[in-house]
Amino acid sequence: MLKLFEHEHLDVKRLSDEETAIEVRNLSLQFSDKPVLNDISMRIPKHRITALIGQSGCGKSTLISCFNRMNDLISGCRYQGEIILGGRDINHKKENVSRLRTQVGMVFQRPNPFPLSIYENVCYGLRLQGVNGRRQLDDTVEQALVDAALWDEVKDRLFESAQVLSGGQQQRLVIARALALKPDILLLDEPTSALDPLTTLYIEELMAGLKKRCSIIIVTHNMQQAARVSDYTAFLHQGRLIEYSDSDSLFTMPHKKQTEDYITGRYG
Amino acid sequence: MSRFSPSHWFSSVQKQSFAISFSAFMALLLTIALGCLLLIIVSRGATYFWPATIFKGEFRLSDESAPVKAYMQIRNEFSRSGSEVIWFKYSNRDFPYGNQAMLEATQISGLQAADDGALITLTDGRTVLAEPLSLQSAEREERALEDYSLMQEEVQRITNQIEVIRTERLSDIHQQLSELDMRNVAADAPARIRLSRDFNKWQGLISELEIQRNQYRLTVAFADGERFDLALGDIDEIVRSGRLSYWQKWQATLTAIGRFLTEAPKQANTAGGVFPALFGTVLMVFVMTLIVTPFGVMAAVYLSEYAPNNALTSVIRISVSNMAGVPSIVYGVFGLGFFVYAVGGNIDTLFFSHKLPAPTMGTPGLFWASLTMAILTLPVVIVATEEGLRRVPEGLKAGSYALGATKAETVMRTILPIASPGIMTGVILAIARAAGEVAPLMLVGAVKFAPNLPIDGEFPYLHLDRQFMHLGVLIYDGAFHSQTDVKGSSMMFATCLLLLLVVFILNLLAVVMRMRLRKKYQQG
């Protein structure tokens, strides 16, 4: 396990060399006039895992929700600035939010499978797209479950309720549900905080494999996790982006005092 | 002295245990009250079907009148100011089809069960209490009582003949005649005469057959030996309860229940069955459910998912809650004034003006009744559905949105299925409320007697504009009869029992559906 990560860390990473998946330009956001994000600009690299760390309430979950405009569901939320994704500004009011969300998948802190069968859970997004062909659904469901490393465990009970799965299985099912739509970007909002350590490890391995398929952005409270799985890490503090670099440098020799205080556990 | 002041009567522990035992006492009291209610309805209702014992006795209706000897059935026994009073029904020469009296037990002498007495029920619902003596055939010869079923078969054969002539011949001629009347052409006169002659011929045959049928007769004797004659064709059944074994009584009871459920009322709703009312009640509740569920659910979804959180929404919410408290008769008046007169009246002027002044939709009917009940139960459905919608976890909604679902898609595919048990709870409450309402229904479509069922074989099969009968109205009607009529009162209790059963079964259906939905969309 350790070797795998060491090997990955060998190819030297510089943010400026990476292709861009998302570019954030001067993003600010307020919840009913209370500023949450303050003038954030960053580039999220393609086919890499980017971790967002910071104290509770620093705005990292809000930032990740900007990438698929989930903040629109919160009344009193306003934002300024641009988020460039696939050559367009997704903050533009003409953006088709439903289509955006099929391109940018999201997995939440608590596993939230629908009270449907395993199969129907994975189909949910496809059926919304109007895909109803049995063959196509079957293929996509299998592929998504294989990608989410769940296929072997559920292939004999696809039509049983998703509620009988364990927490870790449910979380992988939710990942499979997002993968079924073949998203370019996968947002993970503290995906393992409700899971036990072994399951957490399993999901982390899964993420490393998924990187080839899509760019991953993960919010985490667990600094070891960020160091283990991510290629790049951004540290947010009180709605500002304090430091953003490859994970090795950030965790071994942070440039800013606040970052050092946070990762050494002096606050937060 | 302080020992006797109230604050020292109980220690705090005692006070607490007093509160608990008081609550237990109240709970017990309520259970007993419910039990008594059920006991009265079940026992009184069930006695309507049980073959009652027939007594023979002698009494004076007043001190001056002559003593009367009669077969009687006891309706109720109770004590009034210390003396026992018997409320009974009897038949004699003066009242062959029954009369009732309420006398003190001391005024009745020689009261004893008489197993020769029979309760003879006529096809029109009237009853005679007497002893069957002998039968008379068409050839005027006396036959033994044992031949009753044989002779009843002969009578039935004649009845069938009459029916065949009526349906196959007379109605045909009648139709042809009315067609000629419509044309009103002088050249039709010979045809008209021929048809009239045919009509008279068949009519004459029917009269002959009826006379023949009336020659089959049953002779009965009242308790004082006085003879009385009944046409066999008029007799529905003869029950000699004194000669029935215990099991035969049960058999008779089950038959009576079956007939009660499948036959139409007779004698102004004091005898016979309640089928049209049962049918009307269930159909009205069914149509109401079909109307109230979509509207209630849509309103609740709007209020809880779409409506902005402002003053107008609060006003709507408060209005919905207040609607639940409006007396039901007000809904009845609203239904009559708005649906029947305003909406129905305008439909008539727009679409059925050729039939005016006879109203088509502008008159009370099943649809208006269902619509009125739907308005009445709307708040119940809205409140219960909103409760169900509130229980849908935010995480599931977010999960749906995150997969690219729009708000409408999330509502249809995730929120409503998960809230469906809550919706069913609302529907259950609505059914329970609607099935029990009487007052508003009497204004908008329920009647004491409706000649036709709202569903029949005639296009368009479901006649939503027809007036209908309702169990509640029948009970209401029976309750008024109960002051003067013995049988009507027992029928009221039996109908009451049936209404309870209907509500119970409808609720049970909805509860089972809710359990299945809960199982299907169970959380966590």
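Residues numbered from 1 in each chain as written. Chains lettered and ligands numbered in written order. Predicted model: local features only at pLDDT ≥ 70, side-chain atom pairs only at ≥ 80, totals over all residues.

Q: So, the interface of chain B and chain A: which residues are in play, and what are the values?
A: Tallying the contact residues gives 17 residues for chain B and 19 residues for chain A. Secondary-structure elements contributing two or more residues to the side of chain B that touches chain A are α9 (394-402) and α10 (407-436) of chain B. By residue class, the composition of the side of chain B that touches chain A is eight nonpolar, eight polar and one charged. (Contact = placed C-beta atoms within 7 Å. Helix = DSSP H or I, 4+ residues; strand = E, 2+ residues; numbered from the N terminus. Nonpolar A, V, L, I, M, F, W, Y, C, P; charged D, E, K, R; others polar.)

Q: Give a detailed account of the UniProt feature "transmembrane region" (unreviewed entry) in chain B, specifying residues and quantitative values.
A: All names here are of chain B. The UniProt feature table records "transmembrane region" (unreviewed entry) at residues 20-42, 274-303, 323-344, 365-384 and 491-512. Summarising residues 20-42: 100% helix, 0% strand, and an end-to-end C-alpha distance of 32 Å. Taken end to end, residues 491-512 comprises 100% helix and 0% strand; its first and last C-alpha atoms sit 31 Å apart. (UniProt positions renumbered as here; feature names shortened; annotations may be inferred.)

Q: Explain the UniProt feature "domain: ABC transporter" (unreviewed entry) in chain A residue by residue, including any values.
A: Per the UniProt record, "domain: ABC transporter" (unreviewed entry) is annotated on residues 22-263 of chain A. Counting secondary structure, residues 22-263 of chain A comes out at 37% helix and 27% strand; the distance between its end C-alpha atoms is 26 Å.

Q: Provide a residue-level description of the sheet that holds strand β1 (residues 55-59) of chain B, including the pertinent values.
A: Residues and elements named next belong to chain B. If you trace the five strands from one edge of the open sheet to the other, you get β4-β3-β2-β1-β5, paired in antiparallel fashion. Every other strand in the sheet has two partners, leaving β4 (99-104) and β5 (108-113) as the edge strands with one partner each. Averaged over all pairs of adjacent strands, the angle between their axes in this sheet comes to 35 degrees, without regard to strand direction. In this sheet, β5 lies alongside β1 in antiparallel orientation, the contact comprising four bridges. Note that in β5 the partner of Glu-58 across the bridge is Ser-109. (Pairing = 2+ DSSP bridges. Axes fitted to C-alpha atoms, helices over the stretch in contact; angles between N-to-C directions.)

Q: Residues and numbers for helix α4 (residues 118-128) of chain A, please.
A: In terms of residue burial, α4 of chain A counts as a mostly covered element, since nine of its eleven residues are buried. Considered for burial, the residues of α4 of chain A that qualify are Ile-118, Glu-120, Asn-121, Val-122, Cys-123, Tyr-124, Gly-125, Leu-126 and Leu-128 of chain A. The elements touched by buried residues of α4 of chain A are α3 (97-103), α5 (134-147), α6 (151-154) and α7 (167-179) of chain A together with α10 of chain B. Directly beyond the C-terminal end of α4 of chain A, a positive phi value near 90 degrees is found at Gly-130 of chain A. (Buried ≥ 20, exposed ≤ 12 C-beta atoms within 10 Å, placed from the backbone.)

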